[in-house]
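Take a look at the letters that make up each chain.
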Amino acid sequence: MTVHPADHRPVRIGVQLAPQHASYATIRDAVRRAEDAGVDAIFNWDHFFPLTEPFDAEHYEAWTMLASIAELTEKVELGPLVNCNSYRNADLQADMARTVDHISAGADGVGRLIFGTGSGWAEQDYREYGYEFGTVGSRLNDLAADLPCVRARWAKLNPAPTRHIPILIGGQGEQKTLRMVAQHADIWHTFTPLDKLPHKIDVLHEWCRTEGRNPADIELSTGFTIRGFGPMLEDGGVSKLHDHGFRFFIPALDGPDFDFAQLTPLLRWRDEVNAG
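The sections below set out a description of the structure shown in this document. (Residues numbered from 1 in each chain as written. Predicted model: local features only at pLDDT ≥ 70, side-chain atom pairs only at ≥ 80, totals over all residues. Heavy atoms only, no water.)

1. Section: the packing of aromatic side chains
Point 1. In this structure the tally under the stated criterion is 14 aromatic pairs.
Point 2. An angle of 35° between the planes, with centres 4.7 Å apart, marks the rings of Phe 48 and Tyr 87 as tilted. Of this pair, Phe 48 sits in the loop between strand S2 (41-44) and helix H2 (62-72) while Tyr 87 is found in the loop between strand S4 (83-84) and helix H3 (90-103), placing the two residues 39 residues apart along the sequence.
Point 3. Plain terms: the ring middles of Phe 49 and Tyr 129 are 6.0 Å apart, the flat faces sit at 75° to each other, and that makes the pair edge-to-face. Taken together, the residues span a long stretch of sequence, with Phe 49 in the loop between S2 and H2 and Tyr 129 in helix H4 (residues 123-129) at a distance of 80 residues.
Point 4. Within the aromatic cluster, the residues linked to one another by ring pairs are Phe 48, Phe 49, Tyr 87, Tyr 126, Tyr 129, Tyr 131 and Phe 133.
Point 5. Note that Arg 12 overlies the ring of Phe 248, its terminal NZ or CZ placed 4.0 Å from the centroid.
Point 6. It is Arg 33 that lies over the ring of Phe 260; its NZ or CZ is 4.2 Å from the centre. (Phe/Tyr/Trp six-rings, centres within 6.5 Å; stacked < 30°, edge-to-face > 60°. Helix = DSSP H or I, 4+ residues; strand = E, 2+ residues; numbered from the N terminus. Lys NZ or Arg CZ within 6 Å of the ring centre and 35° of its normal.)

2. Details of the pairing of strand S5 (residues 115-118)
Point 1. Alternating positions in S5 separate into two faces, Phe 115 and Thr 117 on one and Gly 116 and Gly 118 on the other, with burial throughout.
Point 2. Strand direction decides the pairing type here: S4 and S5, joined by 2 bridges, are parallel. Considered in S5, the bridge of Cys 84 is made with Gly 118.
Point 3. With H3 bridging S4 and the parallel S5, this β-α-β connection has right-handed handedness.
Point 4. Examined bridge by bridge, S5 and strand S6 (residues 167-170) share 3 bridges and lie parallel to one another. Bridge pairing links Phe 115 to Ile 167 in S6. (Buried < 20%, exposed > 50% of the residue type's maximum accessible area, 1.4 Å probe, protein only. Pairing = 2+ DSSP bridges. Right-handed = clockwise from strand over helix to strand, strands pointing away.)

3. Brief notes about the packing of helix H6 (residues 177-184) against helix H7 (residues 197-211)
Point 1. Interaxial distance between H6 and H7 falls to 8 Å at its minimum, and their mutual angle equals 50°. When the interaxial angle is binned, H6 and H7 end up oblique. Judged by the twist between their axes, the crossing of H6 over H7 is right-handed. Note on element contacts: H7 touches H6 through Lys 200, Val 203, Leu 204, Trp 207, Cys 208 and Glu 211, opposite Leu 178, Arg 179, Val 181, Ala 182 and Gln 183. (Axes fitted to C-alpha atoms, helices over the stretch in contact; angles between N-to-C directions. Parallel < 35°, antiparallel > 145°, perpendicular 65-115°, else oblique. Left-handed = near helix turned anticlockwise from the far one by under 90°. Contact = heavy atoms within 4.5 Å.)

4. Notes on helix H8 (residues 237-244)
Point 1. Buried residues of H8: Gly 237, Val 238, Leu 241 and His 244, and no others. Burial along H8 is one-sided: seen end-on, the buried residues are contained in an arc of 115°.
Point 2. Residue Gly 245 follows H8 closely and has a positive phi angle near 110°. (Arc of directions from axis to C-beta.)

5. As for unusual backbone geometry
Point 1. With omega at -5°, the peptide bond leading from Glu 53 into Pro 54 counts as cis.
Point 2. On the secondary structure map, Pro 54 appears in the loop between S2 and H2.
Point 3. Here the bond from Asn 158 into Pro 159 is cis, since omega is 0°, no more than 30 degrees from zero.
Point 4. Looking at the element boundaries, Pro 159 is found in the loop between helix H5 (136-156) and S6.
Point 5. Here the phi dihedral of His 21 falls at roughly 60°; this positive angle occurs in a residue that is not glycine.
Point 6. Summarising the element assignment, His 21 is placed in the loop between strand S1 (12-17) and helix H1 (24-37).
Point 7. A relative accessible area of 9% means that His 21 is categorised as buried.
Point 8. Even without a glycine there, the phi angle at Phe 258 is positive, about 45°.
Point 9. Considering the arrangement of structural elements, one finds Phe 258 in the loop between strand S9 (246-253) and helix H9 (263-275).
Point 10. Owing to a relative accessible area of 0%, Phe 258 belongs among the buried residues under this scheme.

6. Structural notes on the side chain of His 189
Point 1. Secondary-structure assignment places His 189 in strand S7 (residues 187-189).
Point 2. Judged by relative accessible area, His 189 falls into the buried class, the value being 4%.
Point 3. With residues up to four places along the chain from it excluded, the contact list for His 189 reads Leu 81, Leu 168, Ile 169, Gly 170, Gly 171, Ser 221, Thr 222, Gly 223 and Ile 250.

7. Some points on the sheet that holds S4
Point 1. The 9 strands are arranged S3-S2-S1-S9-S8-S7-S6-S5-S4 in an open sheet whose pairing can be described as parallel. Edge positions in the open sheet fall to strand S3 (77-80) and S4, since each of these has one partner strand only.
Point 2. Packed onto the sheet, H9 meets S1 and S9 and runs at close to 155° relative to S1.

8. A closer look at the side chain of Arg 112
Point 1. Along the chain, the position of Arg 112 falls in the loop between H3 and S5.
Point 2. Within the local environment of Arg 112, its side chain forms a polar contact with the side chain of Thr 73, the two groups lying 2.8 Å apart.
Point 3. Here the side chain of Arg 112 touches Val 76 through a polar contact of 2.6 Å, landing on its backbone oxygen.
Point 4. Look past the residues within four positions of Arg 112 in its chain and what remains in contact with it is Ala 70, Thr 73, Glu 74, Lys 75, Val 76, Glu 77, Leu 78, Asp 101, Ser 104 and Arg 163. (Polar contact = N/O pair within 3.5 Å; in protein donor to acceptor, adjacent residues only side chain to side chain.)

In structure tokens form, the structure reads like this:
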């Protein structure tokens, strides 16, 4: 079994709060509840319409919501899971991320944003908002071209980001996505099934060798979606994922209830593993 080097990392538990099917007052309450529960990070997503029925229900835009989350919280990291690279040019993405980084900074002056990003996939978003949908390949090529621009813009902005903003890249494509992970990511987020993970980790490590990157510098992240997929839902999910070197676990919760019951055992498990 391929194991990703991660003994130096603690387990972290995040939560993705779906920005749909609820009033913003309810989402605001869920954000506060999540931080009070002890999660390490809170994420939303970058879409323009609900991803599950009813598809005409309430829904909110990602980055303005992230600015609100930054003000509502004090300790948790936060970010999009994931930003759609197609919806904003690279320099604007960088400036928005830097701004939320500063909004989230506390008394220590250090921001809490995680720049989660990906190439985009929801065709309705593109069609309804007037973006060119292109192909899977063209969207991945755009992401590969834009990530260096994001990093370059961070280096030019005044004020600069408060810290090295962690880049999370979501996806599992072996030729393009995992190469971008090796080039740019601090965190790789994937929904790869358990039985296919050893191969994907092998591919990531090979790209790290090609790009001159130490795989131990990349944190492995996964979870499950409100649409019902993700390796955490498989039998023995978190323990097996931990054995593979995963340390960041991000389940998704949907409104209007945002049922936190499933977070309690995960947070207890995190504390037990980290204490041991």
